[in-house]
Amino acid sequence: MLLLGSGMGMLLAPLTGMTLTEVQPREAGSASGLINAAGQLGAALGVAIIGGVFFSALAGNAGPQADRVVPAVQAAAPRQTAIKICATDSLGQADLTAVPDSCRALAGGGDPGQQAAVGTALTDIRERTFIATFSETLYWAAGGLTGVICLLFLLPRQPRRPTMS
């Protein structure tokens, strides 16, 4: 975050200044407003796209993480398929705070030791799924940013206007 904040601070002020040097003084207010509006639009679209990528990948990563976690928890191993379905359902629904039916069925019955093992396994699956999905989303964001930077080089160069002294 420190790197991102300092990079934005060192980039935005000079970039705005360079952009506004090409504008007539009487149009500086409109140009500044346009720069700010474009920045706000870009930020809103970026958050929406990255959020969409994150939440669409969340349920997809739950299954592989369950396959890694459940065999390591011996007491939960007999219920591996049910745990995997519960993890995938709970992370793939629109309301992440709701408890899906597959998890309710998993919570019913069984001895307290096995229930504790299932709870521990589900917590570990959720943590690992979040980390894996967050990492995957960061790679997508970096790829998108790289693409945008490459597209910036395709913008036409405009010669500087002669200044009148």
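Everything here concerns the structure above.
Along each chain, the written sequence defines residue order, and numbers are assigned to residues from 1. Confidence filtering applies because this is a predicted model: local features only for residues at pLDDT of at least 70, side-chain atom pairs given and counted only at 80 or more, and all residues used for totals across whole chains, interfaces and linings. For the side-chain quantities, the full set of heavy atoms in the structure was used; hydrogens and water were omitted.

Trainee: Tell me about the packing of aromatic side chains, and please be specific about residues and values.
Mentor: Working definition: a ring pair exists when centres of Phe, Tyr or Trp rings (six-membered ring for Trp) sit within 6.5 Å. Plane angles under 30 degrees give stacked, over 60 give edge-to-face, the rest tilted. Applying the stated criterion to the full structure yields three aromatic pairs. On the basis of an interplanar angle of 75° and a centroid distance of 5.5 Å, the ring pair of Phe 54 and Phe 130 is categorised as edge-to-face. Placement of Phe 54 in helix 2 (residues 28-69) and of Phe 130 in helix 5 (residues 112-152) is noted, with a sequence separation of 76 residues between them. A 1.4 Å probe rolled over the protein chains alone gives each residue an accessible area, and that area as a share of the maximum for its type sets the label: buried under 20%, exposed over 50%, partly exposed in between. For Phe 54, a relative accessible area of 10% gives the class buried. The exposure class assigned to Phe 130 is partly exposed, which follows from its relative accessible area of 45%. Going along the chain from the N terminus, every DSSP run of H or I of four or more residues is numbered as a helix, and every run of E of two or more is numbered as a strand.

Trainee: I'd like a rundown of the nonpolar core, residues and numbers included.
Mentor: Judged by nonpolar contacts, the single largest core of 19 residues is most densely connected at Val 73, Ala 76, Ile 83, Leu 106, Val 118, Leu 122 and Ile 125. Elements with a minimum of two residues in this core: helix 2, helix 3 (80-92), helix 4 (101-107) and helix 5. Contact between two residues is taken to exist if any of their heavy atoms lie within 4.5 Å; hydrogens are not considered. Every residue in contact with Ala 76, bar those within four places of it in the chain, is listed here: Val 70, Ile 83, Ala 117, Val 118 and Ala 121. Buried Ala, Val, Leu, Ile, Met, Phe, Trp, Tyr and Cys residues that are joined via side-chain atoms within 4.5 Å together make up what is termed a nonpolar core.

Trainee: Outline helix 5, listing residues and values.
Mentor: Here, expected helix span is obtained from the residue count minus one, scaled by 1.5 Å. Relative to the 60 Å expected for 41 residues at 1.5 Å per residue, helix 5 spans 60 Å between its end C-alpha atoms, a close match to the ideal helical length. Those residues of helix 5 that sit buried are Gln 114, Ala 117, Val 118, Ala 121, Leu 122, Ile 125, Thr 129, Thr 133 and Thr 137. Residues of helix 5 that are buried in the fold lie against helix 2, helix 3 and helix 4.

Trainee: Explain the side chain of Gln 65 to me, using residue names and the numbers behind them.
Mentor: Looking at the secondary structure, you find Gln 65 in helix 2. Apart from the residues within four sequence positions on either side, Gln 65 is in contact with Ile 125, Arg 128, Thr 129 and Ala 132.

Trainee: Which residues make up the state of the cysteines, and what are the values?
Mentor: The rule for a disulfide is simple: a pair of cysteine sulfur atoms within 2.5 Å. In the structure shown here, the tally under the stated rule is one disulfide. Each sulfur in the disulfide pair Cys 86 and Cys 103 lies 1.9 Å from the other. Looking down the S-S bond of the Cys 86 and Cys 103 bridge, the torsion is 105°, so its handedness is right-handed. Pair noted here: Cys 86 is in helix 3 and Cys 103 is in helix 4, with a separation of 17 residues, a long-range link. The residues Cys 86 and Cys 103 share a single accessibility class, namely buried.

Read these as geometric descriptors, not functional statements.
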